Amino acid sequence: MSLKSNLHNLKEKYKGKKMAPAFNAIHTFLYAPNETTHSGSHVRAVDDLKRTMNTVIMALVPVLIFGIFNAGYQHYAAVDAANGVIRQASLFGNFLTWENFIMGAWTVLPLVIVSYAVGLAVEFLFAVIKGHEVEEGYLVTGMLVPLIVPIDTPLWMLAVAVVFGVVIGKEVFGGTGMNILNPALTIRAFLFFAYPTWMSGDKVWVHQAVDLAGGPDAISGETILGYLAQGKGAEMSYSVSDMFFGFIPGSVGETSTILILLGGLFLIYSKIASWRIMVSAVIGALVMGVIFNGVVDAGWITETSKFYGLMSFAFWQHLIVGGLAFGIVYMATDPVTGAQTNRGKWFYGFFIGFISVLIRVFNPAYPEGVFLAILLMNVFAPTIDHYVIRGNIKRRLKRAKNATILPRDGEGKAQELKAETV
Amino acid sequence: MALLSKKDTSLILDPLADNNPITIQVLGICSALAITAELKASIVMALSVMFVLGMGNVVISLMRNIIPSKIRIIVQLVVVAALVIMVDQVLKAFAYELSKTLSVFVGLIITNCIIMGRFEAFALANGPWRSFLDGIGNSAGYGLILIIIGFFRELLGSGTLLGFKVLGDPIEKTGLYAIGYENNGFMLLSPMALIVVGLIIWVQRSRNKALIEEN
């Protein structure tokens, strides 16, 4: 007997029992079940929740692999720097090496495993207690979480944050599809507010940077935004192409803009994610960047201002540093927490980009604001939709009022009514 | 003959659980969020409210037949304000550091919805003894939640209880800190207090399904 029929038999055996959802979940996760709907009207489509989730995960895999290499690369670059050697990144020379991969996998994979194990355990627990099926919602969240945290995040912190994010961010609202806030970002926000020393500063973005910093030449694992926030933009040794390809310190998966871009195109092509949100978010970020550049050009702030470094940062470069690209492509486009109406998506995306750069520049404690901006707009998404729909109703009512209703043959009320309903 | 009749006992015990001012009536949330970062402050706040509400209920109950109903809110405010000022002065005299921690929130007991709520709902219609029990019961229910929140927030946020380092020293890395534990800074922020209140409500209602509102 194959595993599939075994699982099917287990499912039959435990039908109605408390543990049933757990077996069902394993069954549907591994195989397509044989059951079909027998009654009622239903639409059968191939893009079920599982396929949607898997498509997003496929779009995330290149980012994850790059993140693994980059984790190793940054670590060894820091080791070199501690010995006084400045590394110049080259893709095949010193980036795609086994050394980097092993070191990266050693640090990144535990994050992935903890994120999935803890998150799925919570999902299973809730499914068993509440007696509903396990939903696939956590598959993407579990992959996103390790990609948006610093490399050296202690695993128990991650576990605590995942429990918090899944329970408070999702299950209390009714589980997958009912949540107001993006669970992955809830987890990130929890970590940020609970353990700020592990989430910001110049020692957390590179593996073992704290230990290495004791060396003769103090190394810096500062992110680009960190440099700029301290007004040390000139000391930075990263070129624009480094930023675009991602050979820079940062959260595990956020550095490589080009792979995120490819993932985004893949999601747009497969119609999983909304291109409206992505495009409008990019526009929003650019607009805010241009405004800041304009303020600097107009001479309204002096070079001594502590915001000068970030405000004078070329507006388009905001897109290729920090978590903006990752947030726009994988987080803002979450279909559950984002705006649902097409017009609403433009507003929703625009404000995500706009507010991200705004917070990034003015946040005194931490020069990044993408996750805060997305969470904020998650909360506002239903409001945006509400007004978009209201506006639509108003417009159609107006059109109906102004429409000339042509009397048909005969003056009977029936015809008039019929004409009005057109 | 017991000290308290059955009806009187329920005046004290009901607000502790199934008719809790915070988790069921959702009153007095603001102070539950503001001052519960430390257990000590929670306890002092609970005691202050107990004093104000117990005394206030008695005073209002005694005056209930002579207060013109048109100006009763003003009269109630005068009573609360007088009691709150007494509490404030006592705290300033005997626990100055703590009164600085509690800062304006002692003064803001005046605006605590529970107090005006009990005056209006109970003291104006009942005798002084029962009003007193009602005041003690409701403030105990309020204080109980405050102390639960304060306990978790101080324990997880600062690693201390009433100022004692129960989890070890975070700077010298003793106790739990030696194995990498860290304090949860989120616990010290007010949003987390709201989440803790929500969790208490969740636990309470899942234990007693009768409390779940129809919707």
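So, how was this worked out
- Residues numbered from 1 in each chain as written.
- Chains lettered and ligands numbered in written order.
- Predicted model: local features only at pLDDT ≥ 70, side-chain atom pairs only at ≥ 80, totals over all residues.
- Helix = DSSP H or I, 4+ residues; strand = E, 2+ residues; numbered from the N terminus.
- Contact = placed C-beta atoms within 7 Å.
- Buried ≥ 20, exposed ≤ 12 C-beta atoms within 10 Å, placed from the backbone.
- pLDDT = per-residue confidence, 0-100.
- Nonpolar A, V, L, I, M, F, W, Y, C, P; charged D, E, K, R; others polar.
- Axes fitted to C-alpha atoms, helices over the stretch in contact; angles between N-to-C directions.
- Parallel < 35°, antiparallel > 145°, perpendicular 65-115°, else oblique.
- UniProt positions renumbered as here; feature names shortened; annotations may be inferred.
- Core = buried A, V, L, I, M, F, W, Y, C linked by C-beta atoms within 7 Å.

Novice: How would you sum up the overall build of chain B? Please name residues and give values.
Specialist: If you tally the helices and strands in chain B, you get 9 helices and 0 strands. For chain B, the N- to C-terminal ordering of α and β elements is α-α-α-α-α-α-α-α-α. Seen along its three principal axes, the alpha-carbon backbone of chain B occupies a region of about 65 × 45 × 40 Å. Long-range pairs, those at least 24 residues apart, make up 77% of the contacts in chain B between residues at least 6 apart in sequence.

Novice: Account for unusual backbone geometry, with residues named and values stated.
Specialist: Trans is the prevailing form of peptide bonds, just as negative phi is the prevailing case for residues other than glycine. A positive phi angle is found at A:Lys271, which is not glycine, with a value near 60°. As for its position among the elements, A:Lys271 is in the loop between helix H13 (257-269) and helix H14 (275-297). Residue class for A:Lys271 comes out exposed when judged on the 11 C-beta atoms lying within 10 Å of it. Positioned with a positive phi, B:Val26 is a non-glycine residue whose angle comes to about 50°. Tracing the backbone shows B:Val26 in the loop between helix H1 (6-13) and helix H2 (29-34).

Novice: Any chance you could break down the environment of B:Ser158 for me, citing the residues and the numbers?
Specialist: As for its placement among the helices and strands, B:Ser158 is situated in helix H8 (residues 128-158). Spatially, the C-alpha atom of B:Ser158 lies 7.4 Å from that of B:Asn184, the residues being 26 residues apart in sequence.

Novice: I'd like to hear about the confidence of the model for chain B, residue by residue, with values.
Specialist: On average, residues of chain B carry a pLDDT of 85, and 98% of them reach 70 or more. Predicted as a complex, the structure gets a pTM of 0.85 and an ipTM equal to 0.84.

Novice: Got a sec to walk through the interface of chain A and chain B? Specific residues and values, please.
Specialist: Contact residues are listed per partner, giving 7 residues for chain A and 7 residues for chain B. The leading source of residues in the side of chain A that touches chain B is helix H8 (residues 183-194) of chain A, at 3 residues. Looking at the side of chain A that touches chain B residue by residue, the class counts come to 7 nonpolar, no polar and no charged.

Novice: Residue-level account of the packing of helix H3 (residues 49-82) of chain A against helix H5 (residues 98-130) of chain A, with values.
Specialist: All names here are of chain A. For the pair H3 and H5, interaxial distance at closest approach is 7 Å and the crossing angle is 105°. With respect to H5, the element H3 is oriented roughly perpendicular. Contacts from Gly-67, Ile-68, Phe-69, Asn-70, Ala-71, Gly-72, Tyr-73, His-75 and Tyr-76 in H3 reach Glu-99, Asn-100, Phe-101, Ile-102, Met-103, Gly-104, Ala-105, Thr-107 and Val-108 in H5. Looking at side-chain class alone, the contact of H3 with H5 contains 10 nonpolar, 7 polar and 1 charged residues.

Novice: Residues and numbers for the UniProt feature "modified residue: FMN phosphoryl threonine" (unreviewed entry) in chain A, please.
Specialist: Residue and element names in this part refer to chain A. Mapped onto this structure's residue numbering, the UniProt feature "modified residue: FMN phosphoryl threonine" (unreviewed entry) falls at Thr-223. Summarising the element assignment, Thr-223 is placed in the loop between helix H10 (209-212) and helix H11 (224-229). Setting aside residues no more than four positions away along its own chain, Thr-223 makes contact with Trp-205, Pro-249, Gly-250 and Gly-322.

Novice: Explain the nonpolar core residue by residue, including any values.
Specialist: Grouped burial of nonpolar side chains is what soluble globular proteins tend to show. Counting 141 residues, the largest nonpolar core has A:Leu191, A:Ala281, A:Ile328, A:Tyr348, A:Ile352, A:Ile374 and B:Val52 as its most contacted members. The greatest single-element share of this core, amounting to 13 residues, is contributed by H3(A). Contact partners of A:Leu191, with chain neighbours within four places excluded, come to A:Val149, A:Thr153, A:Met157, A:Ala161 and A:Met199.

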